[in-house]
Amino acid sequence: MQHPHTSATAPAPRPRSTRRAGRLAALAAAVTAVVGLTTLGGPAAHGADNPYERGPAPTESSIEALRGPYAVAETSVSRLAVTGFGGGTIYYPTSTTDGTFGAVAVSPGYTGTQSSIAWLGPRLASQGFVVFTIDTLTTLDQPDSRGNQLLAALDYLTGSSSVRNRIDSSRLGVMGHSMGGGGSLEAAKTRPSLQAAIPLTPWNLDKTWPEIKTPTLIFGADGDTIAPVATHAEPFYATLPSSLDRAYLELNAATHFTPNTSNTTIAKYSISWLKRFIDNDSRYEQFLCPLPRPSLTIEEYRGNCPHTS
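Residues numbered from 1 in each chain as written. Predicted model: local features only at pLDDT ≥ 70, side-chain atom pairs only at ≥ 80, totals over all residues. Heavy atoms only, no water.

**Student:** How should I be thinking about the pairing of strand β2 (residues 88-93) in this particular structure?
**Tutor:** For β2, the buried fraction is high: 6 of the 6 residues fall into the buried class. In this structure, strand β1 (residues 72-77) lies alongside β2, joined through 6 bridges in antiparallel fashion. Across the sheet, T75 pairs through a bridge with I90, a residue of β2. Strand direction decides the pairing type here: β2 and strand β4 (residues 129-134), joined by 4 bridges, are antiparallel. (Buried < 20%, exposed > 50% of the residue type's maximum accessible area, 1.4 Å probe, protein only. Helix = DSSP H or I, 4+ residues; strand = E, 2+ residues; numbered from the N terminus. Pairing = 2+ DSSP bridges.)

**Student:** Explain the state of the cysteines here, please?
**Tutor:** Applying the stated rule across the entire model yields 1 disulfide. The disulfide bridge from C289 ends at C305, spanning 2.0 Å between sulfur atoms. With the S-S dihedral at roughly -85 degrees, the linkage between C289 and C305 falls on the left-handed side. Taken together, the residues C289 in the loop between α9 (264-278) and β9 (298-303) and C305 in the segment after β9 connect sequence positions 16 residues apart. Classification of C305 by relative accessible area gives partly exposed; the value is 36%. (Disulfide = S-S within 2.5 Å.)

**Student:** Please explain the confidence of the model for the protein as it appears in this structure.
**Tutor:** Detailed conclusions should not be drawn from predicted coordinates in areas where pLDDT is low. When pLDDT is averaged along the protein, the result is 88; 84% of the residues meet or exceed 70. For the protein, helix α1 (residues 4-7) is the element with the lowest average pLDDT, namely 38, and strand β6 (residues 196-200) is the one with the highest, namely 99. Segment residues 1-48: pLDDT under 50, and 9 contacts once partners within four positions in sequence are set aside and those in other chains are kept. (pLDDT = per-residue confidence, 0-100. Contact = heavy atoms within 4.5 Å.)

**Student:** Could you clarify how one ought to interpret the sheet that holds strand β5 (residues 167-177) in this entry?
**Tutor:** By definition, the strands of a sheet pair up through backbone hydrogen bonds, in either a parallel or an antiparallel sense. The strand order β1-β2-β4-β3-β5-β6-β7-β8-β9 describes an open sheet built from 9 strands, whose pairing is mixed. Since the sheet does not close on itself, it has two edges, and those belong to β1 and β9, each with one partner. Neighbour-to-neighbour, the strand axes of this sheet turn through a mean angle of 15 degrees, independent of strand direction. The sheet contacts of α9 involve β3 (101-107), β4, β5, β6, β7 (216-221), β8 (246-251) and β9, and relative to β6 the element is tilted by about 160 degrees. (Axes fitted to C-alpha atoms, helices over the stretch in contact; angles between N-to-C directions.)

**Student:** Please explain the packing of helix α6 (residues 143-159) against helix α7 (residues 179-190) as it appears in this structure.
**Tutor:** Direction vectors running N to C along α6 and α7 enclose 65 degrees, while the axes themselves pass 7 Å from each other. The element α6 and its partner α7 pack so that their crossing is right-handed. Contacts between α6 and α7 involve P143, D144, R146, G147, L150 and L151 from the first element and M179, G180, G182, G183, S184, E186, A187 and T190 from the second. Residues of the contact of α6 with α7, tallied by class, amount to 5 nonpolar, 6 polar and 3 charged. (Left-handed = near helix turned anticlockwise from the far one by under 90°. Nonpolar A, V, L, I, M, F, W, Y, C, P; charged D, E, K, R; others polar.)

Below you can see the structure in the form of structure tokens.
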């Protein structure tokens, strides 16, 4: 008697080519699934959600670094070639694959020239911005004049400069030191469409700024005797609208002239503020909220969290 198992007819083996095709299809499906998960969790997802996002996901070390992910070139602009300000230097990412970038104009302070704030040019540009460090018409220009000159510089950048096609004219900001910082407040007051303002140890005779609608980060210095925080940076911050995205960072063991040399704390929080509000890049919110705590370099930090702009 035959055993039952020997009487059954075994299924014919599949051709080798069919088995190979099945394995390839399964492998392709697995790869597709992995790529899909990577895309959902990686920078590309942010890019799809936010068309202004530029560069890789930030880390503490990346925003504290002397240079960011972008190679930077620079071009000089003669004061004879422009009107309304004194010329300057444009720093810009050399990449042409990421689309346009936001732009920032930076003013020096009273008696200062662009050399006093030049370090900000390559440091900010390497993070994905076009940065214009300017000279003023005269070194004695007052804050109101410096505010107008910052706006003239932005108009030149977006309208006539050799890098105008690299800039998104809807994503602009201003910075400035001392009277240039006071000027950045004036510029934001004059042009509410600006996306960010960063006054650095600012000086201005006008102490109240309820008209400003631009997200503003003010840097003060605990040892400032030229624009003491009690009569400049602090009241400037306190009179900004409470509904505004605003912040006040008082540098520890610092002076009025601290912003004139390379400073990691200034760079770190300026980059985060510009990225958050010019690029709408929420990946940088982690460095601004919750509010930074006092440290060896931060005497005090005030602000609203979470940000709403």
